Amino acid sequence: MKMQSEKLIFRTDTYKYSHPSVYYEDVVNVYSYLESRGGYYGAIMFFGLQYYLKKYLEGVVVTMEDINEAEEFCKDHFGRDDVFDRAGWEEIVKVYGGKLPLHIKAVPEGMIIPTKNVLMTIVNTGGKKTRFLTNFVETLLLKIWYPITVGTQSHSIKEGIIARLVKSGDPSTIGFKCHDFGYRGVTTEEHAALGGAAHLISFLGTDTTAGILMLREYYGAKMAGFSIPATEHSIICSYGNEGELDACRAFLKRYPTGTIACVSDTRNIYNACENIWGGALREMVMARNGTLVVRPDSGDFYDVVPRILQILWDKFGGEVNAKGYKILDSHVRIIQGDGMNPESILKLHDVINNLGWSSDN
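The rules we used
Residues numbered from 1 in each chain as written. Predicted model: local features only at pLDDT ≥ 70, side-chain atom pairs only at ≥ 80, totals over all residues. Heavy atoms only, no water. Helix = DSSP H or I, 4+ residues; strand = E, 2+ residues; numbered from the N terminus. Rg over C-alpha atoms; globule rule 2.2 N^0.38 Å. Buried < 20%, exposed > 50% of the residue type's maximum accessible area, 1.4 Å probe, protein only. Contact = heavy atoms within 4.5 Å. Lys, Arg positive; Asp, Glu negative; His and termini not counted. Charge placed at Lys NZ, Arg CZ, Asp CG, Glu CD. Pairing = 2+ DSSP bridges. Axes fitted to C-alpha atoms, helices over the stretch in contact; angles between N-to-C directions. Parallel < 35°, antiparallel > 145°, perpendicular 65-115°, else oblique. Left-handed = near helix turned anticlockwise from the far one by under 90°. Expected span 1.5 Å × (residues − 1). Polar contact = N/O pair within 3.5 Å; in protein donor to acceptor, adjacent residues only side chain to side chain. Nonpolar A, V, L, I, M, F, W, Y, C, P; charged D, E, K, R; others polar. Disulfide = S-S within 2.5 Å. Salt bridge = Lys/Arg side-chain N within 4 Å of Asp/Glu carboxyl O. Core = buried A, V, L, I, M, F, W, Y, C linked by side-chain atoms within 4.5 Å.

## Here's the deal with the overall build of the protein chain
Broken down by element type, the protein chain carries 14 helices and 10 strands. Scaling as 2.2 N^0.38, a compact globule of 361 residues should have a C-alpha radius of gyration of about 21 Å, whereas the protein chain reaches 27 Å, well beyond that. Once the C-alpha set of the protein chain is aligned to its principal axes, its extents read approximately 80 × 45 × 35 Å. For the protein chain, with 361 residues in total, the buried portion stands at 46%. Looking at the protein chain alone, contacts between residues at least 24 apart form 74% of all its contacts between residues at least 6 apart. Taking the average place of the 38 positive charges on the side chains of the protein chain and the average place of its 43 negative ones, the gap between the two points comes to 4 Å.

Here's what the structure looks like:
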């Protein structure tokens, strides 16, 4: 049995309950549209509508029981009994079987649209008694701005990284150049699903399970995101104060092939790169059929990343590519997570590029 908060009839701003009777008398259809009026980005990525249509608006979404509950709610909420439009909602149940008489059109999801353009239109198709419905669902549908915002931001980051890969490395690797660890950083599970899915329109790397499953369940994407085995500080710390070398060795033994990532600043990132990865475990790293991704997670990354690039170069070697930039041996790479945002991501690429390092690293 659905809770009231889960029912479509309650998913709106309560002032909208007062609208049905105050539209101009001759109005039959209310036609509304969605656009981005402008802002930080000159164009946006449209994404997320199909999820809201399927999860909240598709099929039978209004019953007589819902109407009875909403009527009582409005009496208590407004302190009067002349606000809730019972007749309009009964029209939806009796004439349309509880399905919403609405026609919604939109641009293709995933498309990049310049601001100040129509993204979606919505109109009621059930005559005067359902004219209130168009803007009743506005409150629900405007939550599409969250996946639009995340999708737009990730697309912008992608374009910025591609430009730096064109300059210094291989643009074909873009799919795994910005990884989503955002599951823990949002307010709800649905936030994680929507934001995680939106990120995957531009990139392939993610650890946000909710986003992958949202795309599987609502968009038919069998597997839209990918990840690798990776440690966290609790793993390294579990080996004790003197056990970092043992922890790293055990991780290499557990995963002798493929790409893996290991947080390496638990004690000292420079010692880990020089004396653990590039020292005691160098031969194990070089013998792997795969890549070890070293993760620094503290300090001023504009200083830390260039310094460990140099340490890893000194220990593992590499090559200078045709564009004149240094690339580490394929057995080692770096991932920077702490402090990353749309500005710092691109600035960090610029910092290492200006020092002669390829973004491929």
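There's plenty left to go through after this.
## Regarding unusual backbone geometry
The phi dihedral of Lys116 is positive, around 70 degrees, even though this residue is not glycine. Tracing the sequence through the fold places Lys116 in the loop between strand E4 (112-114) and strand E5 (118-124).

## Remarks on the sheet that holds strand E7 (residues 292-295)
Taken in spatial order, the 3 strands of this open sheet run E6-E7-E10, and their pairing is parallel. This sheet does not close on itself; its edge strands, each paired only once, are strand E6 (260-263) and strand E10 (332-334). Between one strand axis and the next, the sheet turns through 30 degrees on average, direction left out of account. Summarising the sheet, E6 and E7 pair through 4 bridges and their orientation is parallel.

## Here's the deal with the environment of Ala280
Examined against the element boundaries, Ala280 turns out to sit in helix H11 (residues 269-280). Residues Ala280 and Arg249, spaced 31 residues apart in sequence, show a C-alpha to C-alpha distance of 9.0 Å.

## Brief notes about the packing of helix H10 (residues 244-254) against H11
Relative placement of two packed helices is described by the angle separating their axes and the distance separating the axes. Contact geometry of H10 with H11 gives a least axis separation of 11 Å together with a crossing angle of 45 degrees. Accordingly, the angle class assigned to the pair H10 and H11 is oblique. As for how H10 packs across H11, the hand of that crossing is right-handed. Residues Glu244, Leu245, Cys248 and Leu252 of H10 lie in contact with H11, whose contacting residues are Ala272, Ile276, Trp277 and Ala280.

## Focus on helix H13 (residues 301-316)
Here H13 is 16 residues long and its end C-alpha atoms lie 21 Å apart, about the 22 Å a rise of 1.5 Å per residue gives. All of the buried residues along H13 are Phe301, Val304, Val305, Pro306, Ile308, Leu309, Ile311, Leu312 and Phe316. Phi turns positive one or two residues past the end of H13, at Gly317, with a value near 75 degrees.

## Brief notes about the side chain of Ser359
Note on placement: Ser359 falls in the segment after helix H14 (342-354). Classification of Ser359 by relative accessible area gives buried; the value is 4%. In this structure the side chain of Ser359 is engaged in a polar contact, spanning 2.8 Å, whose partner is the side chain of His349. With near-sequence residues (within four places) excluded, Ser359 lies in contact with Arg164, Leu165, Ser168, Lys177, His349, Ile352 and Asn353.

## Some points on the packing of helix H6 (residues 145-168) against helix H7 (residues 189-199)
Orientation of H6 relative to H7, taken along the N-to-C sense of each, is 35 degrees, at an axis distance of 8 Å. Like other packed secondary-structure pairs, H6 and H7 cross with a definite hand, here right-handed. In contact with Tyr146, Pro147, Val150, Gly151 and Ser154 of H6, H7 contributes His191, Leu194, Gly195, Ala198 and His199. Of the residues that constitute the contact of H6 with H7, the class distribution is 5 nonpolar, 5 polar and no charged.

## Structural notes on the state of the cysteines
The full count for this structure, using the stated rule, is 0 disulfides. Free of any disulfide, Cys248 has its nearest neighbouring cysteine sulfur in Cys262, separated by 4.3 Å. Owing to a relative accessible area of 1%, Cys248 belongs among the buried residues under this scheme. Judged by its relative accessible area of 0%, Cys262 is buried.

## Structural notes on the pattern of salt bridges
All chains considered together, the criterion is met by 13 salt bridges. Between Glu71 and Arg86 there is a salt bridge; the shortest N-O distance is 2.8 Å. Of this pair, Glu71 sits in helix H2 (residues 64-78) while Arg86 sits in helix H3 (residues 86-96), placing them 15 residues apart in sequence. A relative accessible area of 23% places Glu71 in the partly exposed class.

## Some points on the nonpolar core
Buried together is how nonpolar side chains tend to be arranged in soluble globular proteins. In this structure, Phe46, Trp89 and Leu100 are the most contacted members of the largest nonpolar core, which totals 51 residues. When near neighbours in sequence (up to four residues on either side) are disregarded, Leu100 contacts Leu8, Leu57, Val61, Val62, Ile92 and Leu133. In this structure, Ala247, Cys248, Val263 and Ile352 belong to the second largest nonpolar core, which totals 32 residues.

## What to know about the sheet that holds strand E3 (residues 102-106)
Read across the sheet, 3 strands follow the order E1-E5-E3 without closing on themselves; strand pairing throughout is antiparallel. Of all strands in the sheet, those with a lone pairing partner are strand E1 (31-35) and E3, marking the two edges. On average, each strand axis in the sheet is tilted by 15 degrees relative to the strand beside it, whichever way the strands run. Pairing of E3 with E5 involves 5 bridges; the strand directions are antiparallel. Looking at the pairing, His103 lines up with Val123 of E5.

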